[in-house]
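Architecture and fold: a report
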Amino acid sequence: MSDNYEPQSAVGKWIDKRLPLISLFSGHLMQFPTPKNLNYWWTFGGILTFCLITQILTGLVLAMHYVADANLAFASVEHIMRDVNYGWLLRYMHATGASMFFIAVYIHMARSLFYGSYKEPRELIWIIGVFIFLLMVATAFMGYVLPWGQMSFWGATVITNLFSAVPFFGEAITNWLWGDYSVGSALLTRFFTLHYLMPFLIFGLVILHIWALHVPGNNNPEGIDVIKGQDTVPFHPHYVVKDVFALVVFMIVFAGFVFFSPNILGHSDNYIQANALQTPEHIVPEWYFLPFYAVLRAIPDKLGGVIAMVSAIAILAFIPWLDHSKVRSAKYRPLYKQFYWLLIFDFILLGYLGAQPATGIYLILGRLATLYYFLHFLLVMPLVGYIEKPKPLPKSISEPVLSNEEQQAKANLAT
Amino acid sequence: MGTDKNRSSEETKVTRRDFLYLTTGSFTAVGVGAVAWPFIVQMNPDASVKALASTEVDLSPIMPGQSISILWRGKPVFIRRRTPEEITEAQAVKEADLPDPETDEARVQKPEWLVMVGVCTHLGCIPLGNKGEYNGWFCPCHGSHYDTSGRIRKGPAPKNLEVPKYVFLDDNTIKIG
Amino acid sequence: MYKFSLVFVFLFTSLVFAAGEMKAPMEPDWTFQGPLGKFDRAELQRGYQVYTEVCSSCHSMNLLSYRNLVQAGGPEFSEEQAKAMAAMFEVETGPNSDGEMFMRPAILSDRFVSPWKNEQEGRVANGGAYPPDLSVMVKARSGGADYVYSLILGYKDEVPEGVTLDDGVYYNIYAKNQKIAMPQVLYEDGVEYTDGTAATEVQMAKDVTAFLAWSAEPKLEERKRIGFKVIIYLIILSFLLYFTNKRIWRDTSH
């Protein structure tokens with residue numbers, strides 16, 4: 001394996017001397033030394049790239065047929081479903097694709113949290129990731145407004161009204177957002193514009209995300225630094241093929257939704273055209289927003305709820321400093337591991353509560369779950385770092401790999 | 001590539017390995033190609049456009065020597081009631097003199113009525129009627145001259161003005177499309 | 001801990017379903033359910049008849065055109081049949097050469113003719129409750145076809161004690177709070193089927209619901225057909241990639 005790729009053909013050499021594009025791609029997508037012990041949880045980076053590109057491509061062609069006008073939007077989406085050649089396929093791919101994108105991103109984030117991929121020297125990768133997630137949330141929300149069904153309309157109304165919680169300027173800000181005195185055509189058009197723009201911003205951040213990743217290289221399940229050469233393999237073909245294999249398995253699930261249950265992840269009310277005179281009984285966001293929606297509702301104060309919801313995402317950016325344990329992988333952190341699974345359970349519980357009416361037991365549970373969510377990061381993470389006695393780390397990733405059985409035996413003895 | 005070092009150790013099984021890689025690679029390529037199709041074909045005219053009605057035109061108000069333009073599939077269609085002189089002139093032309101040889105008889109169903117798409121076959125401008133060196137149509141964009149049968153006679157246009165599908169429903173009504 | 005959390009979620013989900021406020025709808029066997037399900041042409045054709053002869057006096061279907069009745073995967077009437085069906089309705093068109101709008105028989109490219117000139121007319125004619133458009137109705141209600149079918153058949157002659165109904169409100173066991181602004185419309189032999197099928201209430205409800213399911217999802221058959229091929233392709237590809245991946249990693253200890 002050589003670090004510097006030399007193009008073979010004359011044309012290749014000519015171009016590469018002037019613009020080293022081929023070397024760049026070869027260095028980062030072909031030869032890049034990658035730890036050889038990455039498990040399948042690491043394939044979600046590639047899967048997410050696929051999701052982003054799929055959303056951009058299907059979105060691009062849908063935009064050729066969609067009309068961003070309050071009177072025409074609903075009918076134009078149905079026009080896509082009924083008349084445009086393969087329009088139904090492209091729309092279902094785009095709508096289901098958003099859900100698949102979030103499934104993948106949540107797994108990707110959970111993997112990072114488990115294996116400590118946010119720790120020194122990878123803090124910036126993680127922080128860029130938080131921004132990508134934030135943009136994804138905004139993009140998905142605006143996209144859900146575009147079909148102009150009842151959920152679109154009332155979701156937009158409720159979420160834009162969050163800004164009215166801002167002291168003094170609340171009303172001015174909402175009117176500015178709406179370009180009107182309520183949610184209407186003006187808002188729909190600007191949401192469409194921004195929904196089209198944001199994926200490209202995400203794309204830009206993804207490039208930074210990968211660039212920042214390729215400075216220290218991948219973390220790995222052991223969470224220890226790799227020795228280049230001995231512990232690494234070139235990205236191509238080892239991880240290209242592995243990632244593509246995982247991607248194809250992911251696509252089977254994706255296709256299962258698109259072709260056999262395309263509407264199961266959506267809400268039936270969104271097939272009712274927006275009606276400003278009638279609010280649906282339960283306004284529920286898309287499933288991937290439910291945990292944050294539960295946080296919003298847990299706080300009995302308008303401004304407080306909004307701040308809590310925003311903080312629930314913003315707090316993630318500070319994790320690299322809240323968790324000061326030097327050990328990255330939760331494999332070697334027995335105590336942290338327990339709390340990690342508690343957090344995962346807490347997050348799923350919040351998601352479940354977000355879909356329930358905010359009354360009685362649900363409200364109490366919602367508050368407890370919200371409390372734990374913040375305590376986990378603000379209190380548990382720093383404290384565990386002090387209290388916990390981590391398991392001994394292997395000297396290199398080749399060690400646990402080579403003596404897997406030996407380790408197993410040790411672990412069995414210990415428990 | 002990074003696998004260079006391993007190559008020698010695998011040389012013995014090279015055929016089986018290549019077969020697997022080739023199968024996987026080509027199978028993937030087929031899939032990628034198939035996925036591209038919906039993305040391309042979505043730009044074709046959709047079902048609602050294809051279903052758009054054909055246009056019926058009432059010919060009774062048109063006097064000999066007059067013509068009208070109507071819109072069909074977003075393009076103008078010229079319907080001209082030709083005078084006997086124009087008909088004679090159109091029929092007298094020898095095919096050999098034409099850049100795009102076609103008899104007048106082949107271009108009309110009834111000699112009195114000339115029906116054609118009013119789009120210049122050069123670059124899509126709309127020719128002007130009763131103009132040009134051949135008493136027919138003249139395209140102002142790049143100077144193409146058409147005769148009284150709508151055939152190209154002079155200028156950059158390669159073909160005669162297109163005759164759309166139409167039928168006479170009765171003596172005074174035609175249906176285009 | 002992890003398993004525990006899953007159990008918890010399941011427990012809660014089942015609790016909530018038990019506490020639902022609406023009666024669970026009937027679940028007849030639909031030909032179009034399941035991964036291989038298709039529409040029954042005769043059923044859709046009868047359903048169209050029920051819609052036109054009964055439902056269409058109050059409910060529009062703005063998203064459908066008469067040409068849809070011909071297209072593959074739908075009722076698949078012949079073009080002549082569909083033209084004749086369209087011609088039974090009149091649409092306003094124009095202006096003519098005098099600048100006047102005029103009426104002409106509908107043709108295949110026309111949308112289904114609405115019973116109302118506008119929403120307000122429909123509202124006034126129905127005591128303030130506008131009969132909703134039915135084009136995507138089956139997708140616009142949770143419960144889908146089962147719910148629509150049950151609702152059509154959910155009327156009971158005897159209103160139980162303790163239930164008071166306002167003017168223009170009817171008792172329906174599948175409606176929310178058992179109250180609905182639509183009266184019962186399907187009665188035995190309400191239509192005379194051209195194919196001779198006995199027009200029982202259940203038959204008509206099933207036919208018209210199937211028709212509405214098709215109108216909500218006209219590409220269902222194409223979707224499942226393509227989906228089947230795609231899944232098979234992806235499974236084969238995943239096997240190929242699995243073995244390729246194994247082969248590539250064979251010489252690396254990891």
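Residues numbered from 1 in each chain as written. Chains lettered and ligands numbered in written order. Predicted model: local features only at pLDDT ≥ 70, side-chain atom pairs only at ≥ 80, totals over all residues. Heavy atoms only, no water.

On to the overall build of chain A. Each helix and strand counted, chain A has 17 helices and two strands in total. For a compact globule of 415 residues, the expected C-alpha radius of gyration is about 22 Å, and chain A comes in at 24 Å, within 12% of that figure. Looking at the 415 residues of chain A, the share that counts as buried comes to 54%. Within chain A, residue pairs in contact and separated by at least 24 positions form 81% of the contacts whose partners lie at least 6 positions apart. As displayed, chain A offers around 19,200 Å² of accessible surface, 70% of which is attributable to carbon and sulfur atoms. (Helix = DSSP H or I, 4+ residues; strand = E, 2+ residues; numbered from the N terminus. Rg over C-alpha atoms; globule rule 2.2 N^0.38 Å. Buried < 20%, exposed > 50% of the residue type's maximum accessible area, 1.4 Å probe, protein only. Contact = heavy atoms within 4.5 Å. Areas by Shrake-Rupley, 256 points an atom, 1.4 Å probe, with all protein chains shown as cover.)

Residues and elements named next belong to chain A. On the surface, a cluster of nonpolar side chains totalling about 920 Å² of accessible area is made up of Tyr5, Val11, Trp14, Ile15, Leu19, Leu21, Ile22, Leu24, Phe25 and Leu29. Sorting the residues of the nonpolar patch by element identifies α1 (10-18) and α2 (21-30) as the ones contributing at least two each. A total of five residues in the nonpolar patch trace back to one element, the largest contributor, which is α2. Counting through the fold element by element, Phe25 comes out in helix α2. Taking the relative accessible area as the measure of exposure, Phe25 reaches 45% and is therefore partly exposed. (Patch = residues over 30% accessible without salt bridge, like charges linked within 9 Å, V, L, I, M, F, W, Y side chains within 5 Å. Salt bridge = Lys/Arg side-chain N within 4 Å of Asp/Glu carboxyl O.)

Each partner contributes residues to the interface: chain C has 46 residues there, and chain A has 45 residues. Here chain C meets chain A over a buried area of about 4,100 Å², counting both sides, of which 72% is carbon and sulfur. For C:Lys176, the salt bridge goes to A:Glu281, with nearest N and O atoms at 3.5 Å. At the boundary of chain C and chain A, one finds twelve residue pairs in polar contact (both at pLDDT 80 or more). Among the elements of the structure, α1 (2-18), α6 (201-216) and α7 (220-249) of chain C are those that each provide at least two residues to the side of chain C that touches chain A. Sorting elements by how many residues they give to the side of chain C that touches chain A places α7(C) first, with 18 residues. Along the lines of polarity and charge, the residues of the side of chain C that touches chain A split into 24 nonpolar, twelve polar and ten charged. (Buried area = accessible area lost by both parts, 1.4 Å probe. Polar contact = N/O pair within 3.5 Å; in protein donor to acceptor, adjacent residues only side chain to side chain. Nonpolar A, V, L, I, M, F, W, Y, C, P; charged D, E, K, R; others polar.)

A few words on the pattern of salt bridges. Enumeration according to the criterion identifies 28 salt bridges over all chains in this entry. Via salt bridges that share partners, A:Lys119, A:Asp323, A:Arg333 and A:Glu388 belong to a single interconnected network.

Moving on to the packing of aromatic side chains. Residues and elements named next belong to chain A. Scanning the model with the defined rule gives 49 aromatic pairs over all chains in all. Here the aromatic rings of Phe44 and Phe250 are separated by 6.4 Å at their centres, their planes lie at 90 degrees, and the arrangement is edge-to-face. Of this pair, Phe44 sits in helix α3 (residues 44-63) while Phe250 sits in helix α10 (residues 235-260), and the two are 206 residues apart along the sequence. Per residue, the accessibility class of Phe44 equals that of Phe250, and both read buried. Taken together, a centroid distance of 4.8 Å and an interplanar angle of 80 degrees make the contact between Phe114 and Tyr115 edge-to-face. Each member of the pair, Phe114 together with Tyr115, is buried. (Phe/Tyr/Trp six-rings, centres within 6.5 Å; stacked < 30°, edge-to-face > 60°.)

A few words on the sheet that holds strand β8 (residues 152-154) of chain B. Residues and elements named next belong to chain B. A sheet is described by the order of its strands in space; here four strands give the open sequence β5-β6-β7-β8, paired in antiparallel fashion. At either end of the open sheet lies a strand with only one pairing partner, and these are β5 (128-129) and β8. Pairing analysis gives two bridges linking strand β7 (residues 144-146) to β8, with the strands arranged antiparallel. What sits directly across from Tyr146, in β8, is Ile152. (Pairing = 2+ DSSP bridges.)

Looking now at the side chain of A:Ser396. Residue placement: A:Ser396 occurs in the loop between α15 (360-387) and α16 (398-402). Residue contacts for A:Ser396: discarding those within four places in its chain leaves A:Ile224, A:Ile227, A:Gln230 and A:Asp231.

Contact residues are listed per partner, giving 18 residues for chain A and 16 residues for chain B. Counting each side, the surface lost to burial between chain A and chain B is near 1,400 Å², with a carbon and sulfur contribution of 69%. Three residues, A:Asp83, A:Asn85 and A:Tyr86, lead the burial of chain A against chain B; their summed loss comes to 34% of the area buried on that side. Across the contact surface, chain A and chain B share zero salt bridges. Our enumeration of links across chain A and chain B arrives at six residue pairs in polar contact (both at pLDDT 80 or more). For the side of chain A that touches chain B, the secondary structure elements donating two or more residues are α3, α5 (87-115) and α10 of chain A. Here the residues of the side of chain A that touches chain B are counted per class, giving twelve nonpolar, five polar and one charged.

Let us look at the nonpolar core. In terms of nonpolar packing, the biggest core is built from 135 residues, with A:Tyr66, A:Phe102, A:Leu113, A:Phe133, A:Tyr373 and A:Phe377 touching the most fellow members. It is α5(A) that contributes the most residues to this core, 17 residues altogether. Not counting chain neighbours up to four residues away, the residues in contact with A:Leu113 comprise A:Tyr118, A:Trp126, A:Ile319, A:Tyr336, A:Tyr340, A:Leu343 and A:Met381. With 51 residues, the next largest nonpolar core counts C:Leu44, C:Leu64, C:Trp214 and C:Ala216 among its residues. (Core = buried A, V, L, I, M, F, W, Y, C linked by side-chain atoms within 4.5 Å.)

What follows concerns a negative patch on the surface. All names here are of chain C. Side chains of Glu53, Glu188, Asp189 and Glu192 sit close together on the surface and give a patch of like negative charge. Residue placement: Asp189 occurs in the loop between β4 (179-180) and α6. Looking at Asp189, the relative accessible area reads 56%, which means it is exposed. (Lys, Arg positive; Asp, Glu negative; His and termini not counted. Charge placed at Lys NZ, Arg CZ, Asp CG, Glu CD.)

Moving on to the side chain of A:Thr232. All names here are of chain A. Relative to the helices and strands, Thr232 resides in strand β2 (residues 232-234). Taking the relative accessible area as the measure of exposure, Thr232 reaches 8% and is therefore buried. Within the structure, Thr232 has its side chain in polar contact with the backbone nitrogen of Gly229 (distance 3.0 Å).

Our next topic: the pairing of strand β3 (residues 75-81) of chain B. Residue and element names in this part refer to chain B. The buried fraction of β3 amounts to five of the seven residues, a majority that puts the element mostly inside the structure. Where strand β2 (residues 67-72) lies against β3, six bridges are found, and the strand directions are antiparallel. Within the sheet, the bridge partner assigned to Ser67 lies in β3 and is Arg80. Remark: two residues form the turn of the hairpin made by β2 and β3, two consecutive strands paired antiparallel; Arg73 in that turn has positive phi of roughly 50 degrees.

With that settled, consider the state of the cysteines. Working definition: the covalent bond between the sulfur atoms of two cysteines is a disulfide. Residue and element names in this part refer to chain B. Per the stated rule, a full pass over the model turns up one disulfide over all chains. In this model, Cys125 is linked to Cys141 through a disulfide, with the two sulfur atoms separated by 2.0 Å. Disulfide Cys125-Cys141: torsion about the S-S bond near -95 degrees, hence left-handed. Of this pair, Cys125 sits in the loop between β4 (113-117) and β5 while Cys141 sits in the loop between β6 (137-139) and β7; the two residues are 16 residues apart in sequence, bridging distant segments of the chain. Of all cysteine sulfurs, the one in Cys120 lies closest to Cys139, which takes part in no disulfide; the gap is 3.8 Å. For Cys139, a relative accessible area of 2% corresponds to the buried category. (Disulfide = S-S within 2.5 Å.)

All names here are of chain C. Within the fold, Gly74 resides in the loop between α2 (41-53) and α3 (79-87). A relative accessible area of 0% places Gly74 in the buried class. As for Gly74 and Val124, which are separated by 50 residues in sequence, their C-alpha atoms are 34 Å apart. For Gly74, the contacting residues outside a window of four places in its chain are Arg41, Leu44 and Trp214.

Looking now at α3(A). Spanning 20 residues, α3(A) covers 28 Å between terminal C-alpha atoms, matching the ideal 28 Å at 1.5 Å per step. Along α3(A), the positions that sit buried rather than exposed are A:Phe44, A:Ile47, A:Leu48, A:Cys51, A:Leu52, A:Thr54, A:Gln55, A:Ile56, A:Thr58, A:Gly59, A:Val61 and A:Leu62. (Expected span 1.5 Å × (residues − 1).)

The next point concerns the packing of α3(A) against helix α9 (residues 185-213) of chain A. All names here are of chain A. At a closest axis distance of 11 Å, the pairing of α3 and α9 adopts a crossing angle of 155 degrees. Judged on the interaxial angle alone, α9 and α3 are roughly antiparallel. When you trace α3 past α9, the crossing you get is left-handed. Facing Leu52, Ile53, Ile56, Leu60 and Ala63 of α3, the residues of α9 in contact are Phe192, Tyr196, Pro199, Phe200, Ile202, Phe203 and Val206. Considered class by class, the residues forming the contact of α3 with α9 number twelve nonpolar, no polar and no charged. (Axes fitted to C-alpha atoms, helices over the stretch in contact; angles between N-to-C directions. Parallel < 35°, antiparallel > 145°, perpendicular 65-115°, else oblique. Left-handed = near helix turned anticlockwise from the far one by under 90°.)

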